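Residue strings, one per chain:
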Amino acid sequence: MRVFVEKQRFNQWWLYAIYILVLVVLIAGIYKNSDGFTNFHSPVLVLMLLVASIPMGFILYMQLETRIDNEGITVKFIPLGFSKKFFSWKEIDKCFLRKYKPLVEYGGYGIRGIGRKKAYNVSGNIGIQIVTRDNKSFLIGTMQPEEAQAVIKTYEHKIITQPN
(Lines give C-alpha, C1' and ligand atoms only; values in the text may rest on other atoms or scores of the structure.)
Protein backbone atom coordinates (compact mmCIF):
# COMPACT_ATOMS: atom_id res chain seq x y z
CA MET A 1 0.00 0.00 0.00
CA ARG A 2 1.48 3.36 -1.05
CA VAL A 3 0.85 6.34 1.16
CA PHE A 4 1.48 10.03 0.56
CA VAL A 5 1.75 12.30 3.60
CA GLU A 6 2.60 15.98 3.37
CA LYS A 7 2.73 18.59 6.11
CA GLN A 8 2.93 22.27 5.18
CA ARG A 9 3.13 25.45 7.23
CA PHE A 10 2.60 29.12 6.54
CA ASN A 11 6.26 30.07 6.19
CA GLN A 12 6.40 32.67 3.42
CA TRP A 13 9.05 35.36 3.84
CA TRP A 14 6.53 38.16 3.43
CA LEU A 15 4.42 36.76 6.28
CA TYR A 16 7.42 36.88 8.59
CA ALA A 17 8.21 40.40 7.35
CA ILE A 18 4.70 41.59 8.26
CA TYR A 19 4.90 39.95 11.69
CA ILE A 20 8.32 41.44 12.40
CA LEU A 21 7.19 44.90 11.29
CA VAL A 22 4.10 44.78 13.53
CA LEU A 23 6.14 43.54 16.49
CA VAL A 24 8.90 46.13 16.00
CA VAL A 25 6.39 48.99 15.78
CA LEU A 26 4.57 47.84 18.91
CA ILE A 27 7.73 47.16 20.92
CA ALA A 28 9.23 50.51 19.86
CA GLY A 29 6.01 52.22 20.94
CA ILE A 30 6.12 50.46 24.30
CA TYR A 31 9.81 51.38 24.78
CA LYS A 32 9.20 55.00 23.85
CA ASN A 33 6.27 55.31 26.26
CA SER A 34 7.71 53.36 29.18
CA ASP A 35 11.06 54.85 30.25
CA GLY A 36 13.00 51.91 28.76
CA PHE A 37 10.51 49.18 29.65
CA THR A 38 10.47 50.09 33.35
CA ASN A 39 7.50 52.37 33.93
CA PHE A 40 4.58 51.65 31.61
CA HIS A 41 2.66 54.81 30.82
CA SER A 42 0.53 53.17 28.17
CA PRO A 43 -0.69 49.68 29.05
CA VAL A 44 -2.81 49.78 25.89
CA LEU A 45 0.32 49.21 23.80
CA VAL A 46 1.22 46.15 25.88
CA LEU A 47 -2.31 44.86 25.40
CA MET A 48 -2.04 45.50 21.66
CA LEU A 49 1.22 43.52 21.59
CA LEU A 50 -0.48 40.58 23.28
CA VAL A 51 -3.53 40.80 21.04
CA ALA A 52 -1.33 40.89 17.91
CA SER A 53 0.96 38.06 19.09
CA ILE A 54 -1.79 35.51 19.68
CA PRO A 55 -3.11 35.26 16.09
CA MET A 56 0.44 35.54 14.69
CA GLY A 57 1.57 32.62 16.83
CA PHE A 58 -1.53 30.63 15.94
CA ILE A 59 -0.97 31.08 12.19
CA LEU A 60 2.68 30.08 12.52
CA TYR A 61 1.63 27.00 14.54
CA MET A 62 -1.03 25.87 12.05
CA GLN A 63 -0.18 23.19 9.53
CA LEU A 64 -1.91 21.65 6.54
CA GLU A 65 -1.71 17.87 6.56
CA THR A 66 -2.59 15.82 3.50
CA ARG A 67 -2.76 12.02 3.37
CA ILE A 68 -3.49 9.89 0.33
CA ASP A 69 -3.87 6.17 0.94
CA ASN A 70 -5.89 3.07 0.05
CA GLU A 71 -9.04 4.51 1.66
CA GLY A 72 -8.99 7.93 -0.02
CA ILE A 73 -7.72 11.45 0.56
CA THR A 74 -7.73 13.16 3.96
CA VAL A 75 -6.84 16.79 4.54
CA LYS A 76 -6.94 18.94 7.66
CA PHE A 77 -5.58 22.12 9.19
CA ILE A 78 -4.02 21.31 12.54
CA PRO A 79 -5.18 22.30 15.23
CA LEU A 80 -8.56 23.20 13.69
CA GLY A 81 -10.61 20.06 14.30
CA PHE A 82 -13.55 21.26 12.21
CA SER A 83 -11.35 21.50 9.11
CA LYS A 84 -10.89 17.75 8.56
CA LYS A 85 -12.17 16.50 5.20
CA PHE A 86 -12.12 12.93 3.93
CA PHE A 87 -12.84 11.92 0.34
CA SER A 88 -13.19 8.18 -0.18
CA TRP A 89 -12.19 6.89 -3.61
CA LYS A 90 -15.79 5.85 -4.30
CA GLU A 91 -17.08 9.43 -3.90
CA ILE A 92 -14.37 10.94 -6.15
CA ASP A 93 -15.25 11.40 -9.82
CA LYS A 94 -11.94 13.01 -10.88
CA CYS A 95 -8.61 13.55 -9.14
CA PHE A 96 -5.67 15.27 -10.82
CA LEU A 97 -2.93 17.82 -10.24
CA ARG A 98 -3.18 21.29 -11.73
CA LYS A 99 -1.77 24.78 -11.56
CA TYR A 100 -4.08 27.36 -10.06
CA LYS A 101 -4.13 31.04 -9.12
CA PRO A 102 -4.68 31.22 -5.35
CA LEU A 103 -5.67 34.88 -5.18
CA VAL A 104 -7.85 34.94 -8.31
CA GLU A 105 -9.57 31.56 -7.90
CA TYR A 106 -9.89 31.30 -4.11
CA GLY A 107 -9.07 34.70 -2.63
CA GLY A 108 -5.69 33.69 -1.20
CA TYR A 109 -4.36 31.01 1.12
CA GLY A 110 -5.91 29.13 4.03
CA ILE A 111 -9.38 27.61 4.24
CA ARG A 112 -11.01 29.13 1.18
CA GLY A 113 -14.10 29.04 -0.96
CA ILE A 114 -17.82 28.80 -0.55
CA GLY A 115 -20.49 26.66 -2.09
CA ARG A 116 -19.32 23.92 -4.43
CA LYS A 117 -15.72 25.19 -4.92
CA LYS A 118 -13.35 25.05 -1.92
CA ALA A 119 -9.61 24.94 -1.26
CA TYR A 120 -7.12 24.31 1.51
CA ASN A 121 -3.70 25.75 0.73
CA VAL A 122 -0.76 27.45 2.40
CA SER A 123 1.61 28.34 -0.44
CA GLY A 124 2.50 27.72 -4.05
CA ASN A 125 0.27 27.32 -7.09
CA ILE A 126 -0.01 23.58 -7.65
CA GLY A 127 -2.81 21.56 -6.15
CA ILE A 128 -4.60 18.25 -6.05
CA GLN A 129 -7.98 18.88 -7.66
CA ILE A 130 -10.79 16.65 -6.46
CA VAL A 131 -14.18 16.62 -8.15
CA THR A 132 -16.77 14.53 -6.34
CA ARG A 133 -19.60 12.53 -7.89
CA ASP A 134 -22.05 15.23 -6.74
CA ASN A 135 -19.97 17.81 -8.69
CA LYS A 136 -18.32 19.55 -5.73
CA SER A 137 -14.80 20.83 -6.30
CA PHE A 138 -12.05 20.75 -3.68
CA LEU A 139 -8.43 21.76 -4.17
CA ILE A 140 -5.57 20.85 -1.83
CA GLY A 141 -2.34 22.78 -2.27
CA THR A 142 0.82 20.69 -2.48
CA MET A 143 4.54 21.36 -2.56
CA GLN A 144 5.26 17.74 -3.58
CA PRO A 145 3.32 17.35 -6.83
CA GLU A 146 5.36 14.47 -8.29
CA GLU A 147 5.00 12.33 -5.17
CA ALA A 148 1.29 13.11 -4.87
CA GLN A 149 0.72 12.30 -8.55
CA ALA A 150 2.51 8.95 -8.21
CA VAL A 151 0.32 7.87 -5.29
CA ILE A 152 -2.88 9.13 -6.98
CA LYS A 153 -1.92 7.08 -10.04
CA THR A 154 -1.60 4.01 -7.80
CA TYR A 155 -5.23 4.36 -6.71
CA GLU A 156 -6.85 5.84 -9.83
CA HIS A 157 -8.29 2.39 -10.69
CA LYS A 158 -10.54 2.85 -7.62
CA ILE A 159 -11.96 6.00 -9.22
CA ILE A 160 -12.48 4.50 -12.68
CA THR A 161 -14.15 1.26 -11.53
CA GLN A 162 -16.76 2.90 -9.35
CA PRO A 163 -20.31 2.98 -10.77
CA ASN A 164 -21.93 6.38 -11.26
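In case you missed it, the structure is sitting above this.
Keep in mind it's a predicted model, so treat the numbers as computed, not measured.

### What about the sheet that holds strand β2 (residues 63-68)?
Alright, step 1. Strand order in the open sheet formed by 4 strands is β1-β2-β3-β4, with antiparallel pairing between adjacent strands. Two strands lie at the open edges of the sheet, namely β1 (4-9) and β4 (85-88), each paired on one side alone. Sheet twist, expressed as the average angle between the axes of neighbouring strands with direction ignored, equals 10 degrees.
Alright, step 2. Bridge count between strand β3 (residues 72-78) and β4: 4 bridges; the pairing is antiparallel. By the bridge assignment, Ile-73 is partnered in β4 with Phe-87.

### Quick word on the pattern of salt bridges
Alright, step 1. Per the counting criterion, the structure on display carries 6 salt bridges.
Alright, step 2. Note that Glu-65 and Lys-76 form a salt bridge whose closest N and O atoms lie 4.0 Å from each other. One end of the pair, Glu-65, is in strand β2; the other, Lys-76, is in strand β3, and 11 residues separate them in sequence.
Alright, step 3. Residue classification places Glu-65 among the buried positions, given a relative accessible area of 17%.
Alright, step 4. Here the salt bridges do not stand alone but share partners, grouping Lys-7, Glu-65 and Lys-76 into one network.

### Section: the packing of aromatic side chains
Alright, step 1. Going through the model one piece at a time under the given rule, you end up with 6 aromatic pairs.
Alright, step 2. These aromatic residues form a ring-pair network of at least three members: Phe-10, Phe-77, Phe-87, Tyr-120 and Phe-138.
Alright, step 3. When the ring centre of Tyr-106 is taken as origin, the NZ or CZ atom of Lys-117, which lies over that ring, is 5.3 Å away.

### A closer look at the side chain of Asp-69
Alright, step 1. With respect to the helices and strands, Asp-69 occurs in the loop between β2 and β3.
Alright, step 2. Given the relative accessible area of 9%, Asp-69 is considered buried.
Alright, step 3. Not counting residues up to four positions away in its chain, the partners in contact with Asp-69 are Arg-2, Val-3, Trp-89 and Tyr-155.

### Some points on the environment of Lys-84
Alright, step 1. Examined against the element boundaries, Lys-84 turns out to sit in the loop between β3 and β4.
Alright, step 2. C-alpha of Lys-84 to C-alpha of Leu-64: the two residues are 20 residues apart in sequence and 10.0 Å apart in space.

### Side note on helix α4 (residues 145-160)
Alright, step 1. An ideal rise of 1.5 Å per residue puts 22 Å on 16 residues; α4 measures up with 21 Å between its terminal C-alpha atoms.
Alright, step 2. Along its length, α4 shows its largest kink, about 45 degrees, at Thr-154.
Alright, step 3. Buried within α4 are the following residues: Pro-145, Ala-148, Val-151, Ile-152, Tyr-155 and Ile-159.
Alright, step 4. The inward-facing, buried residues of α4 contact β1, β2, β5 (92-99) and β8 (126-132).

### Re the nonpolar core
Alright, step 1. Ile-68, Ile-73, Phe-77, Ile-92, Cys-95, Ile-128 and Ile-130 are the most contacted members of the largest nonpolar core, which totals 33 residues.
Alright, step 2. Listed by contribution, the elements that provide at least two residues to this core are α1 (13-32), α2 (43-61), β2, β3, β5, β8, β9 (137-141) and α4.
Alright, step 3. At 5 residues, α4 tops the list of elements feeding residues into this core.

### Topic: the pairing of β9
Alright, step 1. Among the 5 residues of β9, 5 are classified as buried, and the element is accordingly described as predominantly covered.
Alright, step 2. Burial along β9 is two-sided: Ser-137, Leu-139 and Gly-141 facing one way and Phe-138 and Ile-140 facing the other are all buried.
Alright, step 3. Bridge analysis of strand β7 (residues 117-121) against β9 gives 4 bridges, and the strand direction is parallel. Each residue of the ladder has a partner; that of Lys-117, found in β9, is Ser-137.
Alright, step 4. Of the strand pairs in this sheet, β8 and β9 are connected by 5 bridges, and their pairing is antiparallel. Following the sheet pairing, Gln-129 is matched in β9 by Leu-139.
Alright, step 5. Hairpin connection, β8 to β9: the antiparallel pair is bridged by 4 residues, and Asn-135 has positive phi, about 65 degrees.

Conventions adopted
- Residues numbered from 1 in each chain as written.
- Predicted model: local features only at pLDDT ≥ 70, side-chain atom pairs only at ≥ 80, totals over all residues.
- Heavy atoms only, no water.
- Pairing = 2+ DSSP bridges.
- Helix = DSSP H or I, 4+ residues; strand = E, 2+ residues; numbered from the N terminus.
- Axes fitted to C-alpha atoms, helices over the stretch in contact; angles between N-to-C directions.
- Salt bridge = Lys/Arg side-chain N within 4 Å of Asp/Glu carboxyl O.
- Buried < 20%, exposed > 50% of the residue type's maximum accessible area, 1.4 Å probe, protein only.
- Phe/Tyr/Trp six-rings, centres within 6.5 Å; stacked < 30°, edge-to-face > 60°.
- Lys NZ or Arg CZ within 6 Å of the ring centre and 35° of its normal.
- Contact = heavy atoms within 4.5 Å.
- Expected span 1.5 Å × (residues − 1).
- Bend = angle between axes of the 7 residues up to and from the residue.
- Core = buried A, V, L, I, M, F, W, Y, C linked by side-chain atoms within 4.5 Å.

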